[in-house]
Amino acid sequence: MAKSMLIITRRAPWAGPGAREALDIALAGGAFDLPLAMLFLDDGVFQLASSQSPGRLEQKDLTANLQALPLFGVESLYASAHSLSQRGLATDSLNLPVEVLDDAALRALIERHDQVITL
């Protein structure tokens, strides 16, 4: 039986390669039917913001990759309620459906996965 994996993405979409690397790991793992989930934490919640302009930074848009996650079997998507609140993001304005968790639920989520990768 494959071990469960949680990918925690903590970087804003254009603050270096961390956000794209987390998505690449999730998509690759999903393609191989690995049981995995993804948690958007800290500035990582900015990846879920619907109004992004990557062209201004000469970057590729991550939205298509994010929306492909369920197609690759990555359907367990979570976001920190505290991180969303601190950054002024409302759940109804996110570009991807995620389950919003409080701090206690975040700890439980992390504890129930065999492997945790943080980027």
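Report on the accompanying structure. Please read these numbers as outputs of a predicted model, since none were measured by experiment.

Time to look at the overall build of the protein chain. Counting secondary structure elements, the protein chain contains 4 helices and 5 strands. Going residue by residue from the N terminus, the α and β elements of the protein chain occur as β-α-β-α-β-α-β-α-β. Classification of the 119 residues of the protein chain by burial places 43% in the buried group. Of the roughly 6600 Å² of accessible surface on the protein chain, a fraction of 50% belongs to carbon and sulfur atoms.

All right, on to the nonpolar core then. By size, the foremost hydrophobic cluster in this structure holds 25 residues, and its most contacted members are Ile 7, Met 38, Phe 40, Leu 48, Leu 69, Leu 77 and Ala 79. Considering every element that reaches this core, the biggest residue donor is helix α1 (residues 18-31), with 5 residues. Those residues within four positions of Ala 79 in sequence are excluded, and the remaining contacts are Leu 39, Phe 40, Val 45, Leu 48, Leu 84, Val 98, Glu 99, Val 100 and Leu 101. Ranked by size, the runner-up nonpolar core spans 9 residues in total, among them Leu 39, Tyr 78, Leu 101 and Leu 109.

A few words now on the pattern of salt bridges. Using the criterion set out here, one finds 2 salt bridges in the structure. Here Asp 42 and Arg 10 are joined by a salt bridge, their closest N and O atoms 2.3 Å apart. Note that Asp 42 is positioned in the loop between β2 (36-40) and α2 (63-68) and Arg 10 in the loop between β1 (5-9) and α1, a separation of 32 residues in sequence. Put simply, Asp 43 and Arg 87 hold a salt bridge, and the shortest N to O gap is 2.7 Å. A residue pair is termed long-range when its members are at least 10 positions apart, and Asp 43 in the loop between β2 and α2 and Arg 87 in the loop between α3 (81-86) and β4 (99-101) qualify at 44 residues. Residue Asp 43 is classed as partly exposed on the basis of its relative accessible area of 31%.

Let us now look at the pairing of β1. Across the 5 residues of β1, 5 count as buried, placing the element largely inside the fold. Here β1 shows two buried faces, one formed by Met 5, Ile 7 and Thr 9 and the other by Leu 6 and Ile 8. The sheet contact formed by β1 and β2 spans 5 bridges and is parallel. Residue Leu 6 lies in a different strand from β2, and its bridge partner there is Ala 37. For the handedness criterion, the β-α-β arrangement of β1, α1 and β2 is classed as right-handed. Pairing of β1 with strand β5 (residues 115-118) involves 4 bridges; the strand directions are parallel. Residue Ile 8 lies in a different strand from β5, and its bridge partner there is Thr 118.

Time to look at the sheet that holds β2. Taken in spatial order, the 5 strands make up an open sheet running β4-β3-β2-β1-β5, and their pairing is parallel. Edge positions in the open sheet fall to β4 and β5, since each of these has one partner strand only. When the angles between neighbouring strand axes are averaged without regard to direction, this sheet yields 25°. Packing of α1 onto the sheet brings it into contact with β1, β2 and β5, and relative to β2 it is tilted by some 160°.

Reading the values: rules and limits
- Residues numbered from 1 in each chain as written.
- Predicted model: local features only at pLDDT ≥ 70, side-chain atom pairs only at ≥ 80, totals over all residues.
- Heavy atoms only, no water.
- Helix = DSSP H or I, 4+ residues; strand = E, 2+ residues; numbered from the N terminus.
- Buried < 20%, exposed > 50% of the residue type's maximum accessible area, 1.4 Å probe, protein only.
- Areas by Shrake-Rupley, 256 points an atom, 1.4 Å probe, with all protein chains shown as cover.
- Core = buried A, V, L, I, M, F, W, Y, C linked by side-chain atoms within 4.5 Å.
- Contact = heavy atoms within 4.5 Å.
- Salt bridge = Lys/Arg side-chain N within 4 Å of Asp/Glu carboxyl O.
- Pairing = 2+ DSSP bridges.
- Right-handed = clockwise from strand over helix to strand, strands pointing away.
- Axes fitted to C-alpha atoms, helices over the stretch in contact; angles between N-to-C directions.

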